[in-house]
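Overview (structure and organization)
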Amino acid sequence: VSASFNWELDFFGRTRRASESAAAQVQAGEAGVAAAQRLVAAELATQYVALRTLQQRLVVAQESLVNQRESQRIVRSRAELGRGTPLDVARANALVESTEATIPALQGAIERSALRIATLAGRNPRATLALLAGDLRMTLRDAQPKLERAETSAAELIAGVVLDEALARAEA
């Protein structure tokens, strides 16, 4: 069995500097990945709070609509009995219509917010909509597999760049 060894003398520190440069690039890449993870987690939390706020606003609007319809019924009855004016009826109708108009806008905003959460968490959008429609909570840990895949991809990309630069320096 024969073995051969090959090495290059590093008189001017070229190999050492290339190694230090590669290590610095890896650290910069790791810092970038960590920053991206924090950014995604923060945006996910922001969207979750926004979603729950919108859901609560929808509940309030729906409850208000029930109360306003009852009020509208009372105002109409009073007007039929001569104890109210057509202006009272028009105001009650306008209030009901205004509240009815807010409900579809809130439902659309809820769906958009849930889809943003699904995108940030790397989940199926329709499954996420179903999950978030109730009182179930989606945790930030649900986003972890997606972040780990991104971190691995970034490390592979950085390693490829470092290798390309090392080969280019070796050829020079």
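The next subject is the overall build of the protein. Along the backbone of the protein there are four helices and zero strands. For the protein, the N- to C-terminal ordering of α and β elements is α-α-α-α. The proportion of buried residues among the 172 residues of the protein is 23%. Intrachain contacts of the protein at a sequence separation of at least 6 include 68% that bridge at least 24 residues.

On to the confidence of the model for the protein. The share of residues in the protein with pLDDT of 70 or more is 70%, and the mean pLDDT across the chain is 80. Mean pLDDT in the protein bottoms out at helix α4 (residues 144-171), which sits at 62, and peaks at helix α2 (residues 86-121), which reaches 93. Taken together, the stretch residues 135-141 has pLDDT below 50 and engages in 17 contacts with residues farther than four places along the chain or on a different chain.

Judged by nonpolar contacts, the single largest core of 16 residues is most densely connected at Leu-51, Ile-117 and Leu-132. Breaking this core down by element, the ones donating at least two residues are α1 (14-80), α2 and α3 (125-133).

Following the sequence through the fold, Gln-47 ends up in helix α1. Excluding anything up to four places from it in sequence, Gln-47 contacts Ser-113, Arg-116, Ile-117 and Leu-120.

In total, this model carries two salt bridges according to the counting rule given. Between Arg-69 and Glu-100 there is a salt bridge, with its nearest N and O atoms 2.5 Å apart. Of this pair, Arg-69 sits in helix α1 while Glu-100 sits in helix α2, and the two are 31 residues apart along the sequence. The exposure class of Arg-69 is partly exposed, given its relative accessible area of 43%. Take Glu-100: its relative accessible area is 32%, and that puts it in the partly exposed class. Between Glu-70 and Arg-73 there is a salt bridge, and its shortest N-O distance comes to 2.4 Å. One end of the pair is Glu-70 and the other is Arg-73, both in helix α1 and three residues apart, which spans about a single turn.

A few words on α3. Turning to α3, its buried residues are Thr-128, Leu-129 and Leu-132. For α3, the angular spread of buried residues about the axis comes to 105°, placing them on one side. Looking at α3, the residues exposed on the side facing more than 90 degrees away from the buried face are Arg-126, Ala-130 and Ala-133. In this structure, the buried side of α3 is in contact with α1 and α2.

Rules and cut-offs
- Position labels on residues start from 1 in each chain and follow its written sequence.
- It should be noted that, the model being predicted, local features are given only for residues of pLDDT at least 70 and side-chain atom pairs only at 80 or more, the latter also being counted only at that level, while totals for whole chains, interfaces and linings use all residues.
- Derived side-chain values reflect all non-hydrogen atoms in the structure, with water molecules and hydrogen atoms excluded from consideration.
- Comment: elements are numbered from the N terminus, with helices defined as DSSP H or I runs of at least four residues and strands as E runs of at least two.
- Between buried and exposed lies partly exposed: a residue is buried under 20% and exposed over 50% of the maximum accessible area for its type, with that area taken using a 1.4 Å probe on protein chains only.
- We call two residues contacting when some pair of their heavy atoms lies within 4.5 Å.
- The predictor attaches a confidence to each residue, called pLDDT, with possible values from 0 through 100.
- Take the buried Ala, Val, Leu, Ile, Met, Phe, Trp, Tyr and Cys residues and link them wherever side-chain atoms come within 4.5 Å; each set so joined is a nonpolar core.
- Salt bridge, as used here: a side-chain nitrogen of Lys or Arg that lies within 4 Å of a carboxyl oxygen of Asp or Glu.
- The arc under discussion is defined with respect to the helix axis, by the directions toward the C-beta atoms.

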